Amino acid sequence: MINKNVKRFGIINTVEGYSYLILLFVAMPLKYLLGVAIAVKVAGMLHGILFVGLVALMIPAALEAKWKFKCNILFFIASLIPFGTFYTRA
């Protein structure tokens, strides 16, 4: 049975992963190749909010699912690597 907090964490894990890819592969090229600086501001702010939400939702999910500390560290490190969040789906 999947827990409510784990399901929420899984959703934000995926959405945050997509926002990171959009920031890296869409907004950054728009800024540095075409001079559209607003793209990084918007995508960066969205990604930052989602990242904070990811970390905030990781704690109750870990407590509810009784994940080991090592698993939490893996989720956090994977969120820093492009495509990493898709590897560590909750």
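Not measured: the values here are computed from a predicted model.

What counts as what
Residues numbered from 1 in each chain as written. Predicted model: local features only at pLDDT ≥ 70, side-chain atom pairs only at ≥ 80, totals over all residues. Heavy atoms only, no water. Phe/Tyr/Trp six-rings, centres within 6.5 Å; stacked < 30°, edge-to-face > 60°. Helix = DSSP H or I, 4+ residues; strand = E, 2+ residues; numbered from the N terminus. Buried < 20%, exposed > 50% of the residue type's maximum accessible area, 1.4 Å probe, protein only. Core = buried A, V, L, I, M, F, W, Y, C linked by side-chain atoms within 4.5 Å. Contact = heavy atoms within 4.5 Å. Patch = residues over 30% accessible without salt bridge, like charges linked within 9 Å, V, L, I, M, F, W, Y side chains within 5 Å. Areas by Shrake-Rupley, 256 points an atom, 1.4 Å probe, with all protein chains shown as cover. Salt bridge = Lys/Arg side-chain N within 4 Å of Asp/Glu carboxyl O. Axes fitted to C-alpha atoms, helices over the stretch in contact; angles between N-to-C directions. Parallel < 35°, antiparallel > 145°, perpendicular 65-115°, else oblique. Left-handed = near helix turned anticlockwise from the far one by under 90°. Nonpolar A, V, L, I, M, F, W, Y, C, P; charged D, E, K, R; others polar. Expected span 1.5 Å × (residues − 1). Arc of directions from axis to C-beta.

A. Structural context of the packing of aromatic side chains. Taken as a whole, this structure holds six aromatic pairs when the rule is applied. Relative to Phe75, the ring of Phe9 lies with its centre 5.1 Å away and its plane at 75°, an arrangement referred to as edge-to-face. With a gap of 66 residues between them, Phe9 in helix α1 (residues 4-34) and Phe75 in helix α3 (residues 69-80) connect regions that are remote in the sequence. For the pair Phe9 and Phe75, one class covers both residues: buried. Ring centres of Trp67 and Phe75 lie 5.0 Å apart, and the angle between their planes is 45°; on these two criteria the pair is classed as tilted. According to the relative accessible area criterion, Phe75 is buried, its value standing at 6%. Ring pairs connect the aromatic residues Phe9, Trp67 and Phe75, which therefore count as one cluster.

B. Up close: the nonpolar core. One finds Val6, Phe9, Ile12, Leu50, Leu54, Met58, Ala61 and Phe75 forming the largest nonpolar core, which totals eight residues. Mapped onto this core, the elements with two or more residues apiece are α1 and α2 (38-65). Take this core: its biggest share by element is four residues, from α2. Ignoring sequence-local partners within four residues, the contact set of Leu50 consists of Ile12, Val15, Glu16 and Ser19. Ranked by size, the runner-up nonpolar core spans five residues in total, among them Leu23, Ala27, Val40 and Ala43.

C. Main features of a nonpolar patch on the surface. Together, Phe69, Ile73, Phe76, Ile77, Leu80 and Ile81 make up a nonpolar patch on the protein surface, roughly 560 Å² of accessible area in all. Along the chain, Ile81 falls in the loop between α3 and α4 (84-87).

D. Examining the packing of α2 against α3 more closely. Running from N to C, α2 and α3 cross one another at 165°; their axes reach a closest spacing of 11 Å. Taken as axis vectors, α2 and α3 run roughly antiparallel relative to one another. Like other packed secondary-structure pairs, α2 and α3 cross with a definite hand, here right-handed. Seen from α2, the contacting residues are Phe51, Leu54, Val55, Met58 and Ala62; seen from α3, they are Asn72, Phe75, Phe76, Ser79 and Leu80. Grouping the constituent residues of the contact of α2 with α3 by class yields eight nonpolar, two polar and no charged.

E. Looking closely at α3. Compared with an ideal rise of 1.5 Å per residue, which puts twelve residues at 16 Å, α3 spans 17 Å between its outermost C-alpha atoms and is within 8% of the ideal. Within the span of α3, buried status applies to Asn72, Phe75, Ala78 and Ser79. Down the axis of α3, the smallest arc covering the buried residues is 130°, so these residues share one side. Of the exposed residues in α3, those oriented more than 90 degrees away from the buried face are Phe69 and Lys70. Check the buried side of α3 and you find it contacts α1, α2 and α4.

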